[in-house]
Amino acid sequence: MALQGTLDTFSLPDVLRLLATTAKTGRLRIEGDRGRGSVWLADGGIVDADADRVTDGTPTDEVLFELLRFSEGSFAFEAEEKAANGGEPEDVEALLRRSHSLLSEWRELENVVPSLEHEVRLATDLSTDEVTIDAERWRSLVAVAGGRTVGELAAELGLTELGVSRAVRDLVDLGVAEVAPPGTARSRARRSS
């Protein structure tokens, strides 16, 4: 089965559903505006997935979430190409449900963290008398203290775009961090030196 096309004519969920219902084995390659990615299937179940903008060990539903964010691109299915590190086949519909749930969460996260270029910094004032920080958030807070972009924070903490956006949102919700438009803190720092 030679299957190829563009994401504007045939959506990624539809392609995956077709491959699942026909119990295909192989690799679906995706190239688009957010880079490249692949989804490996075995007998119609997803056994592995990868994308340029995710780190090793990212759960399959988060990789699919990243691939679903491609607004433009093309795909091609290569039958019988097997995954080097494939696990047990996972149900396509279940993974798509979880990925769509992550997309809904992402829309809410974008209200707090609009882009990786936005800057995150410590809040100048706390809105409460006391804040409790657990060990995981402490690591994020220490990294924020140096003043960086959200993208730099992701690299420092080894997080995906989704993971770093969650971490920043949590710090903002605690009232210990703020998100500013790109260039805000750095231009202020240059003026004061």
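All of the points below concern the structure found in this document. All values derive from a computational prediction rather than experimental measurement. (Residues numbered from 1 in each chain as written. Predicted model: local features only at pLDDT ≥ 70, side-chain atom pairs only at ≥ 80, totals over all residues. Heavy atoms only, no water.)

1. Topic: unusual backbone geometry
What you tend to see is this: most non-glycine residues have negative phi, and most peptide bonds are trans. Quick reminder of the rule: Working definition: helices are DSSP H or I runs of at least four residues, strands are E runs of at least two. Numbering for both runs from the N terminus. Think of it in three bands: residues with accessible area under 20% of the maximum for their type are buried, residues over 50% are exposed, and the middle band is partly exposed, with areas taken using a 1.4 Å probe on protein chains only.
One non-glycine residue, Asp43, lies in positive phi territory at about 50 degrees. Look at Glu80: it is not a glycine, yet its phi comes out positive at around 70 degrees. Tracing the backbone through its elements, the reader meets Glu80 in the loop between strand 5 (73–79) and helix 3 (92–112). Judged by its relative accessible area of 54%, Glu80 is exposed.

2. Some details on the sheet that holds strand 7 (residues 148–149)
Spelled out, the test is: By definition, two strands form a pair when at least two bridges between them are found by DSSP. Contacts between residues were defined by any pair of non-hydrogen atoms, one from each residue, lying within 4.5 Å. Each axis is a line fitted through C-alpha atoms, and for a helix only the stretch in contact is used; angles between axes span 0 to 180 degrees, taken between their N-to-C directions.
Taken in spatial order, the three strands of this open sheet run 7-6-8, and their pairing is antiparallel. A strand with exactly one partner marks an edge of an open sheet, and here the two such strands are strand 7 and strand 8 (177–180). As judged from the four bridges shared by strand 6 (residues 119–122) and strand 8, these two strands associate in the antiparallel manner. Looking at strand 8, one finds that Val120 is bridged to Val179. In the packing of helix 6 (residues 161–174) onto the sheet, contacts are made with strand 6 and strand 8, and the angle to strand 8 comes to roughly 120 degrees.

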